[in-house]
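# Structural overview for review
Below, each chain spelled out in residue letters.
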Amino acid sequence: MQHPHSQPDQVEQVKLTLLKRVAWYCLSLHALLVILFFALSIPILGLLNVLSVLTWALGIYLLNIQHRSLALRLFSAEVAIHAIIVCAILGMQLGFQYYLWTVSCLLLLDNNLKLKPAVGVSVIMITLFAAMHIWFADVTYKYAYRDWLQYVHFANVLICGIPMIFTIALIRDVTMAQRQTLTKLAARDPLTQMYNRRYAQELITHAKYHCDENHEELCIIMADIDHFKQINDDYGHAQGDEILKRVALVIASHTRPVDICARWGGEEFLIVMPNTAQVDALARVDKLRYAITHEIFEHFDSTVTMSFGLTMWPTKVGFYEAFQQADNALYTSKENGRNQVTTASTLYAVPNIR
Ligand SMILES: Nc1nc2c(ncn2[C@@H]2O[C@H](COP(=O)(O)OP(=O)(O)OP(=O)(O)O)[C@@H](O)[C@H]2O)c(=O)[nH]1
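Residues numbered from 1 in each chain as written. Predicted model: local features only at pLDDT ≥ 70, side-chain atom pairs only at ≥ 80, totals over all residues.

Quick reminder of the rule: UniProt positions are given in the numbering used here, feature names are shortened, and annotations may be inferred rather than shown by experiment.
As annotated in an unreviewed UniProt entry, the protein chain is diguanylate cyclase from Pseudoalteromonas aurantia 208. In UniProt, the protein chain has this text filed under Catalytic activity (unreviewed entry): "2 GTP = 3',3'-c-di-GMP + 2 diphosphate".

As structure tokens, then:
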């Protein structure tokens, strides 16, 4: 359920703008047709266009007072009835029947109309289109400017077809952009832009499967900023956030694209290194630890340090078991004075380098 203060999304905004433009265009076109049909001495069509001008004006008013769905249905009804009457009077050679195709697409844009009724009405429009070819097969154009019929037909096909192409292209464009944003939102931690826990777990499952299949070693590292509570207390939460962002950048610059780096909790990070032997992982993590101690954090006159726990993740061992090993190793690093890397198997700790 939407919140009362929620605003129409991007696609809805685009649809509204587009609909308003099209509505003004149609109103102007029908106004011109009023003049044309009276000039051609076809008063019934002149009057029909007067009604159309009034209908489009009412629709624009409905759009302006946010009754978009009602406006859309009014426009659809106007176009469909208008097209049928014109074909009944002038015949099918002018191509007005194609407007039923446009209406059938227009109705699908109405979000307030459930999909089934929308598809149902659209199918009725297409069926009417087919039926008109039978009903009005004998109606021939018997007014002035007969030579122009083919050009009017040509113009009607373009007027009906091109807006449909542009509308679908525009909606496709916005949908793609939204999909990318949603994927990012679902996968990343908004503060550090690292993978979030949920998405990292998906990647880890795939990485583990791949490494087991290819008999490759895989290492898990848990990392935690030292005395972060004190940092927050001394420098403020905003400064703490800045440090988290910088630490994330340092981690990113000291890992490979194939490594999975995630913000696991508040000031906790998880790194998974596929196809990496424990000894290599240890060397890399120690470089990372060293880089953090030498990173310049703005407005911060002390060093930031991190503690790490590392374990090799053997085949057939579940994630939480391996994770627990890494977490225990991290705990040992904290117990032994922080700013160090401990491996789960050897409980080997790299001495502090400040
Ligand atoms: N600025 C900021 N602080 C956070 C965030 N998430 C968690 N924290 C803080 O991180 C701190 C973690 O504190 P502790 O778990 O006590 O650990 P610590 O102070 O780092 O101590 P050790 O881990 O033992 O070295 C808490 O004060 C949390 O409020 C965040 O997104 N931003």
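What follows continues from the structure just given.
### Considerations on the overall build of the protein chain
Basically, it comes down to this: A run of H or I in DSSP counts as a helix once it spans at least four residues, and a run of E counts as a strand once it spans at least two, with each numbered from the N terminus. Residue burial is a threshold on neighbouring C-beta atoms within 10 Å of the residue's own C-beta, all placed from the backbone, with 20 or more meaning buried, 12 or fewer meaning exposed, and counts in between meaning partly exposed. A pair of residues counts as a contact when their C-beta atoms, built from backbone coordinates, are separated by no more than 7 Å.
Helix and strand content of the protein chain: 11 helices and five strands. Put simply, the protein chain has 354 residues, and 31% of those count as buried. Expressed as a percentage of contacts within the protein chain between residues at least 6 apart in sequence, the contacts between residues at least 24 apart total 64%.

### Quick notes on the pairing of strand S3 (residues 268–274)
Put simply, the test is: By definition, two strands form a pair when at least two bridges between them are found by DSSP.
Extensive coverage of S3 is indicated by the burial of six of its seven residues. The sheet contact formed by strand S1 (residues 218–225) and S3 spans seven bridges and is antiparallel. Directly across from Leu218, in S3, lies its bridge partner Pro274. Inspection of the sheet shows strand S2 (residues 260–263) paired to S3 by four bridges, in the antiparallel sense. Paired with Ala262 across the two strands is Leu270, which belongs to S3. The turn linking S2 back onto S3 is made up of four residues.

### Describing the sheet that holds strand S5 (residues 341–343)
The cut-off we apply is this: Note on definitions: angles span 0 to 180 degrees between N-to-C directions of axes, and those axes are lines fitted to C-alpha atoms, for helices only across the stretch in contact.
Strands sit in the order S2-S3-S1-S4-S5 across an open sheet of five strands; the sheet is mixed. The open sheet has two free edges, formed respectively by S2 and S5, since each of these has just one partner strand. The average angle at which neighbouring strand axes cross in this sheet is 15 degrees, direction not considered. Looking at chain direction, strand S4 (residues 306–312) and S5 are connected through three bridges and run parallel. When the sheet's bridge partners are listed, Leu310 is paired in S5 with Thr343. Most of the contacts of helix H11 (residues 319–335) go to S4, to which it runs at about 145 degrees, and overall it touches S1, S4 and S5.

### Considerations on the site of the ligand
Definition in use: The criterion for a residue being near a molecule or strand is a backbone-placed C-beta atom within 6 Å of that molecule or strand. Gly is placed with the polar residues, together with every amino acid not listed as nonpolar (Ala, Val, Leu, Ile, Met, Phe, Trp, Tyr, Cys and Pro) or charged (Asp, Glu, Lys and Arg).
The environment of the ligand is made up of 17 residues, and the closest members are Asp226, Phe228, Lys229, Gly240 and Gly266. Listing elements by their share of the shell around the ligand, those giving two or more residues are S1, helix H8 (228–235) and helix H9 (237–253). For the shell around the ligand, the class distribution of residues is four nonpolar, six polar and seven charged.

### Brief notes about the pairing of S4
Applied cut-off: A crossover counts as right-handed when, viewed with the strands pointing away from the observer, the path leading from the first strand over the helix to the second turns clockwise.
In terms of burial, S4 is largely enclosed, as seven of its seven residues are buried. Both faces of S4 are covered, namely the face carrying Met306, Phe308, Leu310 and Met312 and the face carrying Ser307, Gly309 and Thr311. For the crossover from S4 across H11 to S5, the handedness is left-handed.

### Points about the packing of helix H2 (residues 43–64) against helix H3 (residues 68–90)
Our working rule: When describing relative orientation, an angle under 35 degrees is termed roughly parallel and one over 145 degrees roughly antiparallel, while 65 to 115 degrees is termed roughly perpendicular and anything else oblique.
Look at H2 against H3: their axes get within 8 Å of each other, and the N-to-C directions meet at 170 degrees. In terms of axis orientation, H2 runs roughly antiparallel to H3. Between H2 and H3, the residues in contact are Ile44, Leu45, Leu48, Ser52, Thr55, Trp56, Leu58, Gly59, Leu62 and Leu63 and Arg68, Leu70, Ala71, Leu74, Phe75, Glu78, His82, Ile85, Val86 and Ile89, respectively.

### What about unusual backbone geometry?
Even without being glycine, His215 reaches a positive phi, approximately 55 degrees. When you line up the elements, His215 lands in the loop between helix H7 (197–213) and S1. A residue is classified by how many C-beta atoms lie within 10 Å of it, and His215, with 7 of them, is exposed. Positive phi is not limited to glycine here, since His227 has a value of about 50 degrees. Inspection of the secondary structure assignment puts His227 in the loop between S1 and H8.

### Section: the UniProt feature "transmembrane region" (unreviewed entry) in the protein chain
The residues that UniProt annotates with the feature "transmembrane region" (unreviewed entry) are residues 22–40, 46–63, 75–98, 118–136 and 148–171. Between the end C-alpha atoms of residues 75–98 there is a gap of 15 Å, over a span that is 67% helix and 0% strand. Regarding residues 148–171, the helix share stands at 96% and the strand share at 0%, and the terminal C-alpha atoms are separated by 35 Å.

### Some points on H11
Note the threshold: A helix is expected to reach a length of 1.5 Å times the quantity of its residues less one.
Helix length check: H11, at 17 residues, gives a terminal C-alpha distance of 24 Å against a target of 24 Å (1.5 Å per residue), a fit within 8%. Ala322, Phe323, Gln325, Ala326, Asp327, Ala329, Leu330 and Ser333 are the residues of H11 that are buried. Of the surrounding elements, those touching the buried residues of H11 are S1, S4 and S5. The first or second residue beyond H11 is Gly337, which carries a positive phi of 120 degrees.

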